[in-house]
Amino acid sequence: MYVPGTDLAAGEVGRELLRRISSGNSLEIWRLRMPPGTQLDGVPHATGTIEHLLVSSGHLTAGPADAPTDLRSGDLLAFAGDAPHIYRTGPEAADVTVVIASPIIS
């Protein structure tokens, strides 16, 4: 699921629900900061894991290794984190919030 960032008019307040994550998951919140020209290969997580990326600044190409998405500041991407995935910057650094939602295994 890809949600593009939106712009606001000067002085406008914006409030947007970007993604609802259902219960029954263990949630991890990470801050990922990558310098320009860097690639990080994501190791597949447990079956059923979903990763959510929210780009704070910069540009990033990320998601499933076989079909990554180009993201800019304000964009959100959710993808299956239980398969190979990548995070890659071009000539610009990126600051990204990563939420990993994994099923709770009892």
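Since this is a predicted model, take the numbers as computed values, not measurements.

1. Thoughts on the environment of Ala78
Step number 1: Mapping Ala78 onto the fold places it in strand E6 (residues 76-80).
Step number 2: We classify Ala78 as buried; its relative accessible area is 6%.
Step number 3: Measuring from C-alpha to C-alpha, the distance between Ala78 and Ser22 comes to 14 Å, with 56 residues separating the pair along the chain.
Step number 4: Those residues in contact with Ala78, other than ones at most four positions away along the chain, are Met1, Arg19, Ile50, Glu51 and His52.

2. Structural notes on the side chain of His85
Step number 1: Within the secondary structure, His85 sits in strand E7 (residues 85-88).
Step number 2: In this structure His85 comes out as buried when scored by relative accessible area, which is 2%.
Step number 3: For His85, the side chain forms a polar contact with the side chain of Glu51, separated by 2.9 Å.
Step number 4: Within the local environment of His85, its side chain forms a polar contact with the backbone oxygen of Ala83, the two atoms lying 2.7 Å apart.

3. Things to note about the environment of Asp41
Step number 1: Considering the arrangement of structural elements, one finds Asp41 in strand E3 (residues 39-42).
Step number 2: Each C-alpha atom, one on Asp41 and one on Tyr87, is 6.5 Å from the other, the two residues being 46 residues apart in sequence.
Step number 3: Each residue touching Asp41, except ones within four places of it in the same chain, is listed here: His85 and Ile86.
Step number 4: Among the polar contacts listed, one links the side chain of Asp41 to the side chain of Gln39, at a separation of 2.8 Å.

4. Details of the pairing of strand E5 (residues 69-72)
Step number 1: With four bridges connecting them, strand E4 (residues 50-64) and E5 associate as antiparallel partners. Counted as the bridge partner of His59 is Arg72 from E5.
Step number 2: In textbook terms, the turn of a hairpin is the stretch between consecutive antiparallel strands, and for E4 and E5 this stretch comprises four residues.

The rules behind the values
In every chain, residue numbers begin from 1 and rise along the written sequence. A pLDDT threshold of at least 70 governs which residues receive local features in this predicted model, and a stricter bar of 80 or more applies before side-chain atom pairs are shown or counted, although totals over entire chains, interfaces and linings include all residues. The basis for every side-chain value is the complete set of non-hydrogen atoms in the structure, without hydrogens or water. Helix numbering and strand numbering both begin at the N terminus, where a helix is a DSSP run of H or I of at least 4 residues and a strand a DSSP run of E of at least 2. We call a residue buried when its accessible area falls under 20% of the maximum for its residue type, exposed when it is over 50%, and partly exposed in between, using a 1.4 Å probe and counting protein chains only. We call two residues contacting when some pair of their heavy atoms lies within 4.5 Å. As used in this structure description, the phrase polar contact means that two N or O atoms lie within 3.5 Å; if the pair is within protein, one of them must be able to donate a hydrogen and the other to accept it, and residues adjacent in sequence are counted only when both atoms belong to side chains. A pair of strands is considered paired only if DSSP assigns at least 2 bridges between the two.

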